[in-house]
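# Summary of the model geometry
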2 protein chains.
Amino acid sequence: MRDPGLVPIQGQDPCGLIHLPARKQAFACRAQHRRTCCTLIRDNEELDKGHSVPAKPTRNRKASAAEHPGRMQMADIARLAGVSTSTVSRALKGSKLVNDETRQRIEQIASQFHYTVNQLAMSLRSGTNRTIAVVVPYEKDRRQNFTDPFLHGMIGALADVLTERDYEMLLVRMEAGQLPSIGSLVDAGRTAGIILIGQWHHHDQLNTIADRHLPLVVWGAQLPQQRYHCVGGQNTVGGRLAGEHLLGQGCRSIAFLGDRDLPEVEQRYRGFTAALRKHGVKHDPALRKDIPFLAPDARRATLEWIDHGVVPDGLFAASDLLAMAAIGALRERGLDVPKDVLVVGYDDVDFAAHFHPSLTTVRQPVQLGAEAMVDTLLDLLGQTPAAHAPELPTQLIVRESSQRA
Amino acid sequence: MRDPGLVPIQGQDPCGLIHLPARKQAFACRAQHRRTCCTLIRDNEELDKGHSVPAKPTRNRKASAAEHPGRMQMADIARLAGVSTSTVSRALKGSKLVNDETRQRIEQIASQFHYTVNQLAMSLRSGTNRTIAVVVPYEKDRRQNFTDPFLHGMIGALADVLTERDYEMLLVRMEAGQLPSIGSLVDAGRTAGIILIGQWHHHDQLNTIADRHLPLVVWGAQLPQQRYHCVGGQNTVGGRLAGEHLLGQGCRSIAFLGDRDLPEVEQRYRGFTAALRKHGVKHDPALRKDIPFLAPDARRATLEWIDHGVVPDGLFAASDLLAMAAIGALRERGLDVPKDVLVVGYDDVDFAAHFHPSLTTVRQPVQLGAEAMVDTLLDLLGQTPAAHAPELPTQLIVRESSQRA
DNA sequence: TCGCCTTTTGCAATCGATTGCAATTTGCGA
DNA sequence: TCGCAAATTGCAATCGATTGCAAAAGGCGA
């Protein structure tokens, strides 16, 4: 009895036989779901019947076929082209080991059947993985963090840079408390590396993760004893620029909005107060409120100030979102920006220029940042000892909200 | 000579031998990169040396090891726990076929070594795939489309819904021209299904893709002869609501901003003009401009109107972004909103309420939409014939920008 | 026609898991 | 103490590709 794995193929083979693992019984089952375009295979099947003994059933094939009905695979293409899978594999990845004519035939068949090499199998076998996880943590009970336009800008920039580098982006939302477990994204071979946007209060946990030498890059502030790779803007400089500008406009009693518990905000505040000090102004603790990056909080905080008789002549917010919300609140109480209060935000989100009044703000180097993060990460993956990325330059963009004229 | 595949393991086995494929020579190579936590394995290795004959080198292992230095795998855990990989596999996925005691030991070892089942191998073998591609097309030469806040809201909502359903999200940016190739995301086994945000002008191409029965759900407008699954808001109703509201506020010469080439916008415009007609008003073609969803275009278009002496008393924009940019332009020319011109936007993006003046707008059911898209897609994946999702309800949110008071 | 050197192609092991079936162990009643 | 059923565990095939090595085919000069 002939080996059921032996399947006759026309042409090419002198003895009419090429040893090719038959697709076995599964065909019968898969045929039900087969798309119209697959007639060609069926014809081929017909041809086979005359010669070969029906192969014995395979165990798991059926279940799998039920899930991915009729998905083509390399063996199908190989059979149609009358070659082995080795050749198909090589042809489709452009190896010069394959005859041009053969390659063209294979490519033609593949495209005709919408065949694309199975990435899972490919990654598994070749050990390559071109997916990067971009993790955006949120604090429990306030999912809204994701609404911050800065995040969107950053995610968009990352998506573009990764696409350019021919990587794919897995967007992961994760509760901040579970941060220590991000390592599993890499441990599971799911992604090649991780970009984390927002270090929050998790400095120590990040250090722990870094100690496992996972490919990880964080957007945030440079901190002492930082063992993870971190990219960010010059927060202290940004804070100083904002402070100096407001002082230069004649402000003396400047309010600050932002959660100094976050390293980035803390640095911005530090730069800001340093500027004040240089001009002999001490920052009144009553003029700062530690609020998260959420518009409603900014509004509430601003209203509270005013309702308690605290009316600053300037306001520096740790993000544009906060600044805009604060401006709204000021207006609610009849205070005009920039006539009564000058305001400076942080980030220079897309919309800052279209706001009314257009918003003076410290521009974060989003594009540069995205590139730096991706490049640092790819260096890590390539074993190249990543040059520790410096803080990226920051710049004050002066618009209407901070000019009395 | 003993089979090199036979490796001695202490305990459990009466004869001191369990047939377990050894990790072979790769160990030597991988050991270099091994993380500190792996001492336990080395000890185990030491033990082995005494008994077993060095296994012959494996070909590809080295290369792979170089890429994923020291990644644990199931065989390692099995060896450490003194069981087979079958048992480890079952234990880690909570099968009740495993003794509790054994499971606990295995779990303990796995967590100690940060071991996580390799998702690629798992997906490949078991045919499961819990990744969904969310595709956001952009038009060539204007990447900025991604900056539209509506998109961000939708992506955020999708991310949350998918996470909730225990799926992962692959965010794909793609040039609109390449849209016909999105099928490869599924063909390659990369993702289980596709959610496409923005049907743009690609109705026919989407139909073609749908004919291949790929799991695809699109956010957009319901169109005649639509063979792909599509979820969207009631655009005609939305347009009508906006029109009626502006008419009710006394407007008679209402400008329209938005690219009617896009089905959604076209429907909004149709509803809008229908409302006008009902009140005996015919929409003056001079009062509409087909511009893309980009702020600068809205500004330019608005300025052009005014500079050509066309000053409407109302304005309906196909998105909040356009509305806000238009308001800025009006202000530039000394026109106040809502004193001189009433404005209604579309989407109700997060920021609409914080804008000045706060923006009257037609709310898109983003959360509902995200849920509907995901559920429709999962139905498709589960072979459940997805109930064709109806158009989702739309609602006018009246704020300052459209009220003269 | 023969031998040797390129070009092409195929074989079979491998990536790291899952799972049907068979084998082993354990428990328990007779 | 024996036998049978239930509870555990292991074997080996399999998912769909990649790739080192060896074999086959083709070209060419003698």
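Everything below is about the structure shown above.
Okay, so let's go over this structure. These figures come from a predicted structure and were not determined experimentally.

Moving on: the sheet that holds strand β8 (residues 254-257) of chain B. Residues and elements named next belong to chain B. Pairing within the open sheet is mixed, and its 6 strands lie in the order β9-β8-β10-β11-β12-β13. The sheet is open, and its two borders are formed by β9 (288-289) and β13 (395-397), each paired with just one other strand. Sheet contacts for helix α13 (residues 295-307): β8, β9 and β10 (314-317); angle to β8, the most-contacted strand, approximately 150°.

Let's shift gears to the packing of helix α8 (residues 149-164) of chain B against helix α15 (residues 366-381) of chain B. Residues and elements named next belong to chain B. Close contact between α8 and α15 brings their axes to 9 Å; oriented N to C, the two are set at 50°. One way to sum up the angle between α8 and α15 is to call them oblique. The handedness of the crossing between α8 and α15 is right-handed. Each of F150, G153, M154, A157, L158, V161 and L162 in α8 lies in contact with α15, whose residues at this interface are V366, Q367, A370, E371, M373 and V374. Of the residues belonging to the contact of α8 with α15, the class tally is 10 nonpolar, 2 polar and 1 charged.

Of the transformation superimposing chain A on chain B, the axial component is 0.0 Å and the angular component is 180°, with the fit at an RMSD of 0.0 Å. With respect to symmetry, the two chain copies, as superposed, fit the operation of a two-fold axis. Distance from the rotation axis, computed per C-alpha, reaches its smallest value in chain A at L170(A): 2.2 Å. Interface overlap between copies: 96% of the residues of chain A at the interface are likewise at the interface in chain B, consistent with a symmetric, same-surface contact.

What follows deals with the interface of chain A and chain B. Taken together, the contact between chain A and chain B spans 53 residues of the former and 51 residues of the latter. Taking both partners together, chain A and chain B bury about 5,100 Å²; carbon and sulfur atoms supply 56% of that area. When the buried area of chain A at its contact with chain B is split by residue, L120(A), R190(A) and R212(A) rank highest and sum to 12% of it. At the junction of chain A with chain B, the criterion picks out 4 salt bridges. A salt bridge links D160(A) to R173(B); its shortest N-O distance comes to 3.0 Å.

By the element assignment, T131(B) lies in strand β3 (residues 131-138). Exposure remark for T131(B): the relative accessible area of 4% places this residue in the buried category. Side chain to side chain, T131(B) and R190(A) meet in a polar contact 2.6 Å long. Leave out the neighbours within four places in its chain, and T131(B) touches L170(A), R190(A), Y167(B), E168(B), L170(B), R190(B), T191(B), A192(B) and G193(B).

Attention now moves to α15(B). Since the α-helix turns once every 3.6 residues, residues separated by three or four places project in the same direction. Residue and element names in this part refer to chain B. Over its 16 residues, α15 extends 22 Å from the first C-alpha to the last, a length consistent with the 22 Å expected when each residue adds 1.5 Å. In this structure, the buried side of α15 is in contact with β3, α8, β5 (193-197), β6 (216-219) and β7 (229-231). Just past α15, the residue Q383 takes up positive phi, approximately 70°.

All names here are of chain A. One pass over the structure, following the stated rule, counts 38 salt bridges over all chains. A salt bridge links D100 to R103, with the shortest nitrogen-to-oxygen separation between them at 3.6 Å. Of this pair, D100 and R103 both sit in helix α6 (residues 100-112), separated by 3 residues, roughly a single helical turn. Among the salt bridges present, the one from E264 reaches R268, with a minimum N-O distance of 3.5 Å. In this pair, E264 and R268 are both assigned in helix α12 (residues 263-278), 4 residues apart and thus about one turn of the helix distant. Note on accessibility: E264 and R268 belong to one class, buried. The network of salt bridges with common partners includes E164, R165 and D375.

A few words now on the packing of aromatic side chains. Summed over all chains, the structure comprises 18 aromatic pairs over all chains. When the centroid spacing of 6.2 Å and the interplanar angle of 45° are considered together, the rings of F150(B) and W219(B) count as tilted. You can see F150(B) sitting in helix α8 and its partner W219(B) sitting in strand β6, a full 69 residues away along the chain. For the residue pair F150(B) and W219(B), the accessibility class agrees, reading buried in each case. With a centroid separation of 6.3 Å and 45° between ring planes, the pair formed by F316(B) and Y346(B) is classed as tilted. Here the residue F316(B) occupies a position in strand β10, and Y346(B) occupies one in strand β11 (residues 342-347), the gap between them amounting to 30 residues. On the accessibility criterion, F316(B) (0% relative accessible area) is buried. Under the relative-accessibility criterion, Y346(B) is labelled buried at 0%. Taken together, the ring pairs in this structure connect F256(A), Y269(A), F272(A), F316(A) and Y346(A) into an aromatic cluster. For the cation-ring pair, R130(A) lies above Y167(A), with the distance from its terminal atom to the ring centre recorded as 4.3 Å. It is R260(A) that lies over the ring of Y269(A); its NZ or CZ is 5.1 Å from the centre.

Moving on, we get to the environment of V362(B). Residues and elements named next belong to chain B. Mapped onto the fold, V362 is located in strand β12 (residues 360-363). Sequence spacing of V362 and L241 is 121 residues, and the spatial spacing of their C-alpha atoms is 7.7 Å. Among residues more than four places away in sequence, those in contact with V362 are G238, A242, G345, Y346, D347, D348, T394, Q395 and L396.

Right, let's talk about the packing of α13(B) against helix α14 (residues 320-332) of chain B for a bit. Residue and element names in this part refer to chain B. Direction vectors running N to C along α13 and α14 enclose 40°, while the axes themselves pass 8 Å from each other. Judged by the angle between their axes, α13 and α14 are oblique. You can see that α13 and α14 cross each other, and the crossing is right-handed. Two secondary-structure elements touch here, α13 through A295, A298, R299, T302, L303 and I306 and α14 through L321, L322, A325, A326, A329, L330 and E332. Considering only residue class, the contact of α13 with α14 consists of 10 nonpolar, 1 polar and 2 charged.

So, on to helix α10 (residues 203-210) of chain A. All names here are of chain A. If you check which residues of α10 are buried, you get H203, L206, N207, I209 and A210. Around the axis of α10, the buried residues are gathered within 160° of arc, so they sit on the same side. Away from its buried face, by an angle of more than 90 degrees, α10 presents the exposed residues D204 and T208. For α10, the elements touching its buried residues are β5 (193-197) and β6 (216-219).

Conventions we followed
- Residues numbered from 1 in each chain as written.
- Chains lettered and ligands numbered in written order.
- Predicted model: local features only at pLDDT ≥ 70, side-chain atom pairs only at ≥ 80, totals over all residues.
- Heavy atoms only, no water.
- Pairing = 2+ DSSP bridges.
- Helix = DSSP H or I, 4+ residues; strand = E, 2+ residues; numbered from the N terminus.
- Contact = heavy atoms within 4.5 Å.
- Axes fitted to C-alpha atoms, helices over the stretch in contact; angles between N-to-C directions.
- Parallel < 35°, antiparallel > 145°, perpendicular 65-115°, else oblique.
- Left-handed = near helix turned anticlockwise from the far one by under 90°.
- Nonpolar A, V, L, I, M, F, W, Y, C, P; charged D, E, K, R; others polar.
- Least-squares fit on C-alpha atoms with pLDDT ≥ 70 in both.
- Buried area = accessible area lost by both parts, 1.4 Å probe.
- Salt bridge = Lys/Arg side-chain N within 4 Å of Asp/Glu carboxyl O.
- Buried < 20%, exposed > 50% of the residue type's maximum accessible area, 1.4 Å probe, protein only.
- Polar contact = N/O pair within 3.5 Å; in protein donor to acceptor, adjacent residues only side chain to side chain.
- Expected span 1.5 Å × (residues − 1).
- Phe/Tyr/Trp six-rings, centres within 6.5 Å; stacked < 30°, edge-to-face > 60°.
- Lys NZ or Arg CZ within 6 Å of the ring centre and 35° of its normal.
- Arc of directions from axis to C-beta.

These values are about where atoms sit, not about what they do.
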